[in-house]
Amino acid sequence: MSVATAMAQPARNVLTAALVLLAPVAQAQEETIRVGSVRSTASLTTTIAIEKGYFREAGIKVELTDLDTSTDSLAVVAQNRLQIVGGGLSAAFFNAVEKNLPVTVAFDRVSSPLGHKLLVRSDLKDQIKSVAALKGRPLASNSRGSITNYEIGKILKTVGLGFRDVDLKFLPFSQVALAFANKAIDAAIAIPPFTAQLLEGGHAVDFKSPDDLVTPHPLTIAVSMVNTDWAKANQQLLRNYYVAYLRGIRDYCQAYHGGAIRREMIDLSIRTGTETRSELLHKYPWPARSPNGRINIASMLDMQAWYRKSKMSNSEFPADRIVDKSYVDHAMGKLGPFVLENKDSTLAGCR
C-alpha cells in the first residue's frame, strides 16, 4: 500500500462514519402527511410522486389511505385524521363549509373531458332520441347530492326539464347493469370504467355527454382538499407537498397524451394496484385534469348555486371561502408552465 493510499484510508473511514451518522438525521427530517382518496386512475398522480421520489426530495413522507367513497373524504379531512384528501365536489362539501368545518379546496383532481356519459337502455335507443323524451322515465344517479346529480340536472335543464320531470333513482354504479337488464331504469349516468363496461356489455347505448352540454366549461368535478387548521400550522410543508404533487400531475399528463413515460406509468399503476385492468388504461382515455392544478372557479361556483337551488345545500359563498389558490400559485411559480411532449396528441384534456 502506498503512503498516499494509507493516509487516505483514515479520511475515507471518517467520511463514511459521518455519512452513517447523518443518514438517520436526514430521515428524521422527513415530515409525514397522511393523504387519502378513492383508488382510481385519477389517484395515480400521488403514487407517481411517491414512486419517483418527488415527495422524498421535498422532505415529505406520504402515508396513503384508500377511501371507500369520496363522501368519506370530508369526514376524515375535517377531523384531521387525514390532512389531504381527493374527492368529488358534492353538496356535502358546500354543507361542510356552511358548518365552518376546517376544509378547503386546493388543487384540481379531475376536470373535462370527464368520460361521464348519460346512457339509454339498449332496447330503447329508437324511442329515446332527445333529452325531452326522458320526461317521466326512470333515470339513475349514483347518490343524492353527488356530482352526477348536478350533471343530470344541467342536461335536463337544456330542454326546460328538472328532477321533478323524471323518476330519479339512486343506484351505485355497480348495480346499473342489473337495473338495465331488469328494465328497472330507462337511462343512467355512468363514469369510467362503468361507462365502458355498460356499453361493451350491450346494456346501454351512448346518449349524451356532460362535456358537450354542461357549462361553465371545463367542469371541475373532483379536487384535492386540505384541513385548514393543519394547513395554517404547516404552510411551507403544504406548499412543498403541492410542488411535488404537481410534478406527479405533469408526469400523468405526459402519459395521458401518449408521451414516452406512458408505458412506465401503466406498469406503475398495475404494480401498485391503482388500476389493475390494463385494458382500460390502454384502450380508453384516462380521467383528465389540469397540468397546472388550476380549478375552474366558474364551474365550482355554478355547482354551488345549483346544489342550493336544488335544496341539497343551504348557502353560497364567495370563491375565496371555498378555494385557496395560493398552493397552485406557489407550485406554478416553482415549476413554470407545462410543456406538452407529444405535440401530435389530439386529446383535449390535460393541457
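Our subject is the structure that appears above.
Notes on the structure follow. Bear in mind the structure is a predicted one, so any value in this text is a computation, not a measurement. (Residues numbered from 1 in each chain as written. Predicted model: local features only at pLDDT ≥ 70, side-chain atom pairs only at ≥ 80, totals over all residues. Heavy atoms only, no water.)

1. Topic: the sheet that holds strand S1 (residues 31-38)
Formally: One requirement defines pairing of two strands: DSSP has to find at least two bridges between them. In this text, helices come from DSSP runs of H or I with a minimum length of four residues, and strands from runs of E with a minimum of two, each type numbered from the N-terminal end. To obtain an axis, a line is fitted to C-alpha atoms, over the contacting stretch when the element is a helix, and the angle between two such axes runs from 0 to 180 degrees between their N-to-C directions. Contacts are assigned to residue pairs with any non-hydrogen atoms lying within 4.5 Å of each other.
Across the sheet, five strands lie side by side as S2-S1-S3-S10-S4; this open sheet has mixed pairing. Each having just a single partner strand, strand S2 (60-67) and strand S4 (103-111) make up the two edges of the open sheet. With direction set aside, neighbouring strand axes in the sheet form an average angle of 25°. Helix-sheet contacts for helix H11 (residues 235-256) involve S1, S2, strand S3 (84-88), S4 and strand S10 (220-227), and the interaxial angle to S4 is about 5°.

2. Quick look at the packing of helix H2 (residues 44-51) against helix H12 (residues 262-272)
How we decide: For classification purposes, angles smaller than 35 degrees are called roughly parallel, those larger than 145 roughly antiparallel, those between 65 and 115 roughly perpendicular, and all remaining angles oblique. Charged means Asp, Glu, Lys or Arg here, nonpolar means Ala, Val, Leu, Ile, Met, Phe, Trp, Tyr, Cys or Pro, and polar covers whatever is left, Gly included.
H12 packs onto H2 with a crossing angle of 95° between their chain directions and a minimal axis gap of 10 Å. The angle between H2 and H12 falls in the class roughly perpendicular. Across from Leu-44, Thr-47, Ile-48 and Glu-51 in H2, the residues of H12 making contact are Met-265, Leu-268, Ser-269, Arg-271 and Thr-272. Among the residues making up the contact of H2 with H12, the classes are represented as four nonpolar, three polar and two charged.

3. Overview of the sheet that holds strand S7 (residues 167-170)
Across the sheet, five strands lie side by side as S7-S6-S8-S5-S9; this open sheet has mixed pairing. Each of the sheet's edge strands pairs with one partner strand only, and the pair in question is S7 and strand S9 (204-208). For this sheet the average axis-to-axis angle between neighbouring strands, irrespective of direction, equals 30°. Across four bridges, strand S5 (residues 117-121) lies against strand S8 (residues 187-190) in antiparallel orientation. Following the sheet pairing, Leu-118 is matched in S8 by Ile-189.

4. Considerations on empty space enclosed by the protein
Quick note on the threshold: Cavity: a set of points on a 1 Å grid over the protein atoms alone where a 1.4 Å probe fits but cannot get out. Pocket: an open set with protein on both sides within 12 Å along at least five of seven lines, its lining residues, like those of a cavity, having an atom within 4 Å of a point. Grid points are joined across faces, edges and corners, and a volume is the space filled by probe spheres set on the points.
Within the structure shown, the criterion is met by one cavity of 30 Å³ or more. By volume, the largest cavity amounts to about 80 Å³. Along the wall of the largest cavity there are 14 residues; nearest its centre are Val-35, Thr-46, Gly-86, Arg-109 and Tyr-245. Secondary-structure elements contributing two or more residues to the lining of the largest cavity are S1, H2, S3 and H11. Of the residues in the lining of the largest cavity, the class split is six nonpolar, seven polar and one charged.

5. Re helix H5 (residues 91-98)
Counted only if it meets this: Any residue under 20% of the maximum accessible area for its type is buried, any over 50% is exposed, and the rest in between are partly exposed; the area is computed with a 1.4 Å probe on protein chains only.
Burial analysis of H5 places six of its eight residues in the buried class, the great majority of the element. The complete set of buried residues in H5 reads Ala-91, Phe-93, Phe-94, Asn-95, Ala-96 and Val-97. Two residues or fewer after H5 comes Asn-100, characterised by a positive phi angle close to 60°.

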